[in-house]
Amino acid sequence: MNEMQLREIAAQFLFDSEVTETSVCETGHINGTYFVTCASGTRYILQQINTAVFKDPDAVMANIIGVTEFLREKIESAGGDPLRETLTVIATVEGGVAYVDAEGRYWRAYLCIEGATSHQSADAELFEKAAYAFGKFQRMLADYPADTLCETIPNFHNTVSRMADFKAAVAENRAGRAAGAEKEVAFALAAEDKCSFIMDGIADGTLPLRVTHNDTKLNNVMLDNETGEGICVIDLDTVMPGSVLYDFGDAIRFGASSAAEDETDLDRVYLRTDLFDVFTRGFLAGLGGALTEAELRALPMGAWMLTFETGIRFLGDYLNGDVYFRIHYPTHNLDRARNQFKLAADIEAKMSELNAIIEKYIH
Ligand code: ADP
Ligand code: GN1
Ligand code: MG
């Protein structure tokens, strides 16, 4: 996407003045994200929704409009600043919430959250603040009419169905890469019997459905540059009914790892139990005591599940020829999978320590 094309697309949105500058945002594995600066100084996010991943982008936007309007009211009545504390969708010149270009690409725009940063890693203090923001996000949506939300990606965190997809990828071997990933495939298949843990809990009622974010990577929350406070939870494409374990687990697998998600020196990849502890504390504080004891006790297993699930998603995508996650080099998804499997093994090894941490928070 060159500067001229971006400006043409930007011209379709009701920005407050003329566009003076655009730049690419490299963070995020799914959408195409750009920063747009206008003559007034106001900055916007212009985003091409990945329609290979989100097959029904209108449903994605309907969810986002519903959720952000709901949050806006709550933020306003609490005396907060909704322009900073939730996403603001910018209308198109035609009055819509998205613009479809001549090539059929689907675009949307948001106000940029200013004075805040989306981090790739955090120390304990910052991570606890991110945790609080993710917990608070779920608390604020506790009374959201969940039945109005579309399932933007069916079975998104259904690990049983993720495992079935993974096995199909192994069997099909579309990119001819299975021979180079035998050890990783064997590791994944050996854990198949654990994949139903969350689905079983949802089915028997011990893990209630809530409105969850489902993609709680540290870089999906904006932290204030001055105070570190979690200002705004972003990337709302997958807000859907789900288990609290999805948000807890996904945040842990990314933010409580000792290393980046694609670190290839696996000796450097392990779970930081100190970060697990502070995340739990911040997340539960943000949630404000909403969880049942069964949910609390399941949190460590949720961390394992989401780490393992992300591993089989990366490995499945590698075997499929990198059709889902954005990669920066040919074996990127394989390296990411190895990393997640190493982390999952470490979480499993530390399970009793993690259970002991959770015990501190059960009153
Ligand atoms: P993806 O699904 O590809 O992860 P995101 O919506 O998370 O897409 O956007 C990618 C990145 O763009 C985020 O991690 C964040 O750094 C930045 N970003 C997205 N929306 C905003 C916003 N409203 N204000 C500031 N930065 C944003
Ligand atoms: C993707 O969109 P992003 O980069 O925040 C993915 C998550 C994965 C994550 C792995 C819609 O998150 O599910 O956990 O990559 N999002 C989608 O880093 O599939
Ligand atoms: Mg993101």
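1. Things to note about the packing of aromatic side chains
Overall, the coordinates contain 14 aromatic pairs when judged by the stated rule. With centroids separated by 4.1 Å and ring planes inclined at 20 degrees, the aromatic side chains of Phe15 and Tyr44 adopt a geometry described as stacked. Taken together, the positions of Phe15 in the loop between α1 (3-10) and β1 (19-25) and Tyr44 in strand β3 (residues 43-49) put the pair 29 residues apart, joining distant regions of the chain. Take Phe15 and Tyr44: they sit in the same class, and that class is buried. Pairing Phe248 with Phe283 gives two aromatic rings, centres 5.9 Å apart and planes at 50 degrees, and the pair type is tilted. Remark: Phe283 occurs in helix α9 (residues 273-287) and Phe248 occurs in helix α8 (residues 244-255); sequence separation between them is 35 residues. According to the relative accessible area criterion, Phe248 is buried, its value standing at 0%. Of the aromatic side chains, those joined through ring pairs into one cluster are Phe127, Phe248, Phe276, Phe279 and Phe283. The ring of Trp304 carries Lys194 above its face, with NZ or CZ at 4.2 Å from the centroid.

2. Re the site of ligand 2
Not every one of the 17 residues close to ligand 2 is listed here, only the nearest: His29, Lys217, Glu261, Arg313 and Tyr324. At a separation of 2.8 Å, an oxygen atom of ligand 2 approaches a polar side-chain atom of Lys217. The side chain of Arg253 places a nitrogen or oxygen atom 3.3 Å from an oxygen atom of ligand 2. Its free accessible area being 440 Å², ligand 2 has 98% of it covered by the protein chains. Broken down by secondary-structure element, the contributors of at least two residues to the shell around ligand 2 are α8 and α10 (293-320). When grouped by side-chain class, the residues that make up the shell around ligand 2 number six nonpolar, four polar and seven charged.

3. Quick notes on the pattern of salt bridges
Within the structure shown, the criterion is met by 24 salt bridges. The residue Arg174 makes a salt bridge to Glu172 at a minimum N-O spacing of 3.2 Å. For Glu172, a relative accessible area of 46% translates into the label partly exposed. Three or more residues are tied together by salt bridges with common partners; here these are Asp101, Glu103 and Arg105.

The rules behind the values
- The numbering scheme is per chain: residues are counted from 1 as the chain's sequence reads.
- Here chains are named by letter from A upward and ligands by number from 1 upward, in the order in which they appear as written.
- With the structure being a predicted model, the display of local features is reserved for residues of pLDDT at least 70 and the display and counting of side-chain atom pairs for 80 or more, all residues being used for whole-chain, interface and lining totals.
- The side-chain figures draw on all heavy atoms in the structure; neither hydrogens nor water molecules are used.
- By convention, a stacked pair of Phe, Tyr or Trp rings (six-membered ring in the case of Trp) has centres within 6.5 Å and planes under 30 degrees apart, an edge-to-face pair has planes over 60 apart, and any other such pair is tilted.
- Helix and strand assignments come from DSSP, with helices taken as H or I runs of at least 4 residues and strands as E runs of at least 2, each series counted from the N terminus.
- Three labels apply to residues, based on accessible area from a 1.4 Å probe with only protein chains included: buried if under 20% of the type maximum, exposed if over 50%, partly exposed otherwise in between.
- Geometrically, a charge over a ring is one whose NZ (Lys) or CZ (Arg) sits within 6 Å of the ring centre while staying within 35 degrees of the ring normal.
- Throughout, the term near means that a residue has one or more heavy atoms lying within 4 Å of the molecule or strand in question.
- In the analysis that follows, any N or O atom pair within 3.5 Å is treated as a polar contact, provided that within protein one partner can donate a hydrogen and the other can accept it, and provided that, for residues neighboring in sequence, both atoms belong to side chains.
- Areas reported as accessible are Shrake-Rupley estimates using a 1.4 Å probe. Residue values count occlusion only from the protein chains shown.
- Throughout, the ten residues Ala, Val, Leu, Ile, Met, Phe, Trp, Tyr, Cys and Pro are labelled nonpolar, Asp, Glu, Lys and Arg are labelled charged, and all others, Gly among them, are labelled polar.
- Basic side-chain nitrogens of Lys or Arg form a salt bridge, by our definition, when they fall within 4 Å of a carboxyl oxygen of Asp or Glu.

This is a description of form; function is not addressed.
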